[in-house]
Amino acid sequence: MKKIYILLVVGASFMMSACSDFLDREPLTTPNSETFLSNASAVNNYINGLYIALPSFGTYDMGVRGEEKNSDNIVAEVYDKRLNGELQENGGGTTEWQKGYQNLRNVNYFFEYYKVPETEETKDVLSMKGEAYFFRAYWHFYLLTRFGSIPVMDRFWDGNATVGGLQIPPRDRSAVAQFILDDLNTAKGLLHSRSQYKGLRVCKEAAIIMAMRVALYEGTWEKYHKGTDFAAAEDKSADLLGQVLTLGDELFGMGLALNTKATDKNAVNIEDAYAHIFNSKDLSDMTEVVFWKKYSIADGVIHNLSSNLGAGYVDNSGPAGLSQSLVDNYLNADGTPINPADGIFKDFNLTFKGRDGRLLATVMHSNCKFKSTSPESKSKAMLVEEYSEENKQIVRPPYLTEGGPAHNATSYHIRMSIDTTYVSGQGETSLPVIRYAEALLAYAEAAEELGKCTSAVLEKTLKPLRERAGVTYKDPSEIDPNFTDFGYTISANLQEIRRERRAELALQGFRLDDLMRWRAHKLIQGKRGTGAYFGTDGVLYKAFDPKNAADLKTILTTDGWLDPQKELLPRGYQFDANRDYLLPVPPSEISLNHELKQNPGWQRK
């Protein structure tokens, strides 16, 4: 089998410009376009190149794991400008616009020059064609979530390289969503099942889950933004949410299963079955992970995440930490919600005692190592205990005295994806891209939004996720008064579905999209993230050598909790609910394509 995770030069040569650059772009520097994609080998090489642009762990940065500083999951001193209403019309969405359309151009080049004779269209060739449809859907969805109504690039636009040819009207956002769903349906009919490539290539199941993601996103967006400037021209939320259920019913018969303690031979602790999805090198046998990216030192495809996590990084741009609100989201192991005001949570160690296993797998706590170690290694686990001269060699509190990105701003480090199998700084832990767990959550949410979420639905969606994490499942019956306030009333079912989504999908790039589609600006406006309790009476403070107290880089709330953004954002985030739900369309694009209109709130005064 071809190793798609090896970077190919072929794909890089096509990373050219978006529609605004048609007039001055360089000529195509590819093999003869008329015959290039006329056989299976050429098709394979070209499609492999399209994988390069998908989410990854960076060579130098945190990649996907550090992305959620754009939400309430990560508190960063180099804060997200969109959350604070600081983006400008010029430049605010340029990078995203170009990235989306550049990748669409690369995909449509394939469709334009695909010349494999029908007699040679084997199942493998047709499956690769299905991958191209998946990628076209993926990049249109990328643009939809950022800009709403957009011009659909349903063909190769190079023939439009005149001012007149560039006058392409945007489609209403619901029509864009349906185009994406149609492409994914076509992909589904062509793609191999996961079993063919063990999840290393886009597969039929991945296309279904991606379609569920798209339909859920647009369906809930249209419901919660109805009556605002961000609404679709026609509310099709019920139809879209219905498609989630139809797709889910199809998926449930395809033999996928969660990775659990019963099926994971290496699972010992309650968090292991979940943790192993993120800290393993090979996910071939985990059918839950329907699409994943493999890293390999032998093949020269590595990442730097292991070194960054070992150094305590949460954001490679500067000091950051996981938020207290993320930690508070997780349930007790007995299925009850916590009360954040309970005094036990001033004790760093008790914060993790008897909690959801996903909290333990996601956030560093006492007796966890920042990196894998061999017997001769001097690396030691984090251990929060009161400091004394006698035990100073064993106590290792969170990194509050370090500088730069190694300084943790909240005392909550990332544990997810820490490599537990070798000492080298080169990272090989794999990256799950699409999981069955997401489909379970999407199905439950769509069912609840449609008034169809029965106990039976929750028992086949939320229950297995919670039980996998060592949490006793309880049918939702009461509103948790300490749960996130969205600024509008939600049911007990929806509360627990949203709680579960945040717990299961934390640090995987979902949170911002969830906040945007739920119209959850009340969670952002005037708020800033806090961290662990650091009052002088707490064990976390006492874990540091008092002689080094001056080195502690901390800012606290009035009652002793870490508040790293207090001086940076004294009024909290200034998210503009009349503007910041969408990025601005680059003015340079509007000046070329007069059919485009600027997104709400961005019009120049």
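Preceding this paragraph is the structure being described.
Numbers given for residues are sequential positions, taken from 1 along each chain in its written order. Only residues with pLDDT of at least 70 get local features here, since the model is predicted, and only at 80 or more are side-chain atom pairs given and counted; chain-wide, interface and lining totals rely on the full set of residues. To get the side-chain values, all heavy atoms of the structure are used, and hydrogens and water are removed first.

## Here's the deal with the overall build of the protein chain
Numbering goes from the N terminus for both helices and strands, where a helix is a DSSP run of H or I of at least four residues and a strand is a run of E of at least two. Check the secondary structure of the protein chain and you find 18 helices and four strands. Taken along the three principal axes of its C-alpha coordinates, the protein chain extends 75 × 55 × 50 Å. Exposure classes here rest on a 1.4 Å probe applied to the protein chains alone. A residue is buried below 20% of its type maximum, exposed above 50%, and partly exposed in between. Going through the 605 residues of the protein chain one by one, you find that 58% of them count as buried. By definition in these notes, contact holds between two residues if any of their heavy atoms fall within 4.5 Å. In the protein chain, once contacts between residues fewer than 6 apart in sequence are set aside, the share between residues at least 24 apart is 75%. The convention is simple: Lys and Arg are positive, Asp and Glu are negative, and His and the chain ends are not counted. A single reference atom marks each charge: NZ on Lys, CZ on Arg, CG on Asp, CD on Glu. One finds the centroid of the 68 positive side-chain charges in the protein chain at a distance of 1 Å from the centroid of its 79 negative side-chain charges.

## What about the pairing of strand β2 (residues 289-293)?
Among the five residues that make up β2, five are buried, leaving the element largely enclosed by the rest of the structure. Here, strands pair whenever DSSP counts at least two bridges between them. Summarising the sheet, β2 and strand β4 (residues 431-435) pair through four bridges and their orientation is antiparallel. Note that in β4 the partner of Val289 across the bridge is Arg435.

## A word on the pattern of salt bridges
Salt bridge, as used here: a side-chain nitrogen of Lys or Arg that lies within 4 Å of a carboxyl oxygen of Asp or Glu. Going through the model one piece at a time under the given rule, you end up with 32 salt bridges. Among the ionic pairs, Arg435 bridges to Glu288, the shortest N-O distance being 2.7 Å. Linking Arg435 in strand β4 with Glu288 in the loop between α9 (272-275) and β2, this pair joins segments that are 147 residues apart in sequence. The burial state of Arg435 is the same as that of Glu288; both residues are buried. Taken together, the salt bridges that share partners define one network made up of Glu288, Asp356, Arg358, Arg435, Arg466, Arg468, Asp480, Glu496, Arg499, Glu500 and Glu504.

## A look at the environment of Asp419
Positionally, Asp419 belongs in the loop between α12 (357-362) and β4. On a C-alpha basis, the gap between Asp419 and Ser430 in space is 9.8 Å, while along the polypeptide they are eleven residues apart. Contacts of Asp419, omitting those with residues within four sequence positions, involve Lys281, Ser306, Lys371, Ser372, Glu428 and Thr429.

## Some words on the side chain of His303
Of note, His303 is situated in the loop between β2 and α10 (305-310). His303 sits in the buried class, given a relative accessible area of 2%. Counted as a polar contact is a pair of N or O atoms within 3.5 Å, where, for protein atoms, one must be capable of donating a hydrogen and the other of accepting one, and residues adjacent in sequence contribute only when both atoms are in side chains. From its side chain, His303 meets the backbone oxygen of Thr429 in a polar contact 3.0 Å long.

## Re helix α7 (residues 204-224)
Multiply 1.5 Å by the residue count of a helix minus one, and that product is the helix's expected span. The first and last C-alpha atoms of α7 sit 30 Å apart over 21 residues, in line with the 30 Å expected at 1.5 Å per residue. A large share of α7 lies buried, amounting to 20 of its 21 residues.

## Examining the packing of aromatic side chains
The pairing test for Phe, Tyr and Trp rings, Trp by its six-membered ring, is centres within 6.5 Å, and the orientation test on the planes gives stacked under 30 degrees, edge-to-face over 60, and tilted for anything in between. Counting across every chain of the model gives 39 aromatic pairs. With a centroid separation of 5.1 Å and an interplanar angle of 85°, the aromatic rings of Trp97 and Phe147 are classed as edge-to-face. Here the residue Trp97 occupies a position in helix α3 (residues 94-113), and Phe147 occupies one in helix α4 (residues 123-147), the gap between them amounting to 50 residues. For the residue pair Trp97 and Phe147, the accessibility class agrees, reading buried in each case. With a centroid separation of 5.5 Å and an interplanar angle of 70°, the aromatic rings of Phe110 and Phe111 are classed as edge-to-face. Overall, the relative accessible area of 0% leaves Phe110 in the buried class. Grouping aromatic residues by their ring pairs yields a cluster made of Phe36, Tyr46, Tyr109, Phe110, Phe111, Tyr113, Tyr114, Tyr133 and Phe156. Look at NZ for Lys and CZ for Arg. If either is within 6 Å of the ring centre and within 35 degrees of the ring normal, a charge sits over the ring. Its end group placed over the ring of Tyr224, Arg498 keeps NZ or CZ at 5.3 Å from the ring centre. Cation over ring: Arg579 sits above Trp602, and NZ or CZ is 4.2 Å from the ring centre.

## What about the side chain of Gln565?
Secondary-structure assignment places Gln565 in the loop between α17 (539-542) and α18 (587-592). In terms of polar contacts, Gln565 uses its side chain to reach the backbone carbonyl oxygen of Ala76, at 2.9 Å. The contact partners of Gln565, leaving out residues within four places of it in the chain, are Val75, Ala76, Tyr79, Arg528, Gly529, Pro570 and Tyr573.

## Here's the deal with unusual backbone geometry
Although it is not a glycine, Asn367 sits at a positive phi angle of roughly 80°. Relative to the elements of secondary structure, Asn367 occurs in the loop between α12 and β4. For Asn367, a relative accessible area of 63% gives the class exposed. The residue Ser417 is not glycine, and still its phi comes out positive at about 85°. Locating Ser417 in the fold gives a position in the loop between α12 and β4.

## Side note on the packing of helix α2 (residues 40-50) against α4
The angle between two axes is taken between their N-to-C directions and runs from 0 to 180 degrees, where each axis is a line fitted to C-alpha atoms and a helix contributes only its stretch in contact. The interhelical angle for the contact between α2 and α4, taken along N-to-C directions, is 25°, at an axis separation of 10 Å. Relative to α4, the element α2 is oriented roughly parallel. You can see that α2 and α4 cross each other, and the crossing is left-handed. Here Ala40, Val43, Asn44, Ile47 and Leu50 of α2 come into contact with α4, specifically with Val125, Met128, Glu131, Ala132 and Phe135. Three classes are used, and their members are as follows: Ala, Val, Leu, Ile, Met, Phe, Trp, Tyr, Cys and Pro are nonpolar, Asp, Glu, Lys and Arg are charged, and the others, Gly among them, are polar. A per-class count over the contact of α2 with α4 returns eight nonpolar, one polar and one charged. Any angle between 65 and 115 degrees counts as roughly perpendicular, while under 35 counts as roughly parallel, over 145 as roughly antiparallel, and the rest as oblique. Here is the rule for handedness: rotate from the far helix to the near one, and if that takes an anticlockwise turn smaller than a right angle the crossing is left-handed, while a clockwise turn gives right-handed.

## Topic: the nonpolar core
As used in this record, nonpolar core signifies buried Ala, Val, Leu, Ile, Met, Phe, Trp, Tyr and Cys residues forming a set joined through side-chain atoms within 4.5 Å. One finds Ile47, Phe134, Phe135 and Met212 to be the most contacted residues of the largest nonpolar core, which totals 115 residues. Looking at which element gives the most residues to this core, the answer is α4, with 14 residues. Setting aside residues no more than four positions away along its own chain, Phe135 makes contact with Ile47, Leu50, Tyr51, Leu54, Val107 and Val202. Counting residues in each nonpolar core, the second largest holds 54 residues, with Phe352, Met382, Tyr399 and Phe534 among its members.

## Description of the packing of helix α5 (residues 173-190) against α7
At a minimum axis separation of 9 Å, α5 and α7 run at an interaxial angle of 165°. Put simply, α5 runs roughly antiparallel to α7. Remark: the crossing between α5 and α7 carries left-handed chirality. From α5, Arg173, Ser174, Ala177, Ile180, Leu181, Leu184, Ala187, Lys188 and Gly189 reach across to α7, where they touch Lys204, Ala207, Ile208, Met210, Ala211, Val214, Ala215, Tyr217, Glu218, Trp221 and Glu222.

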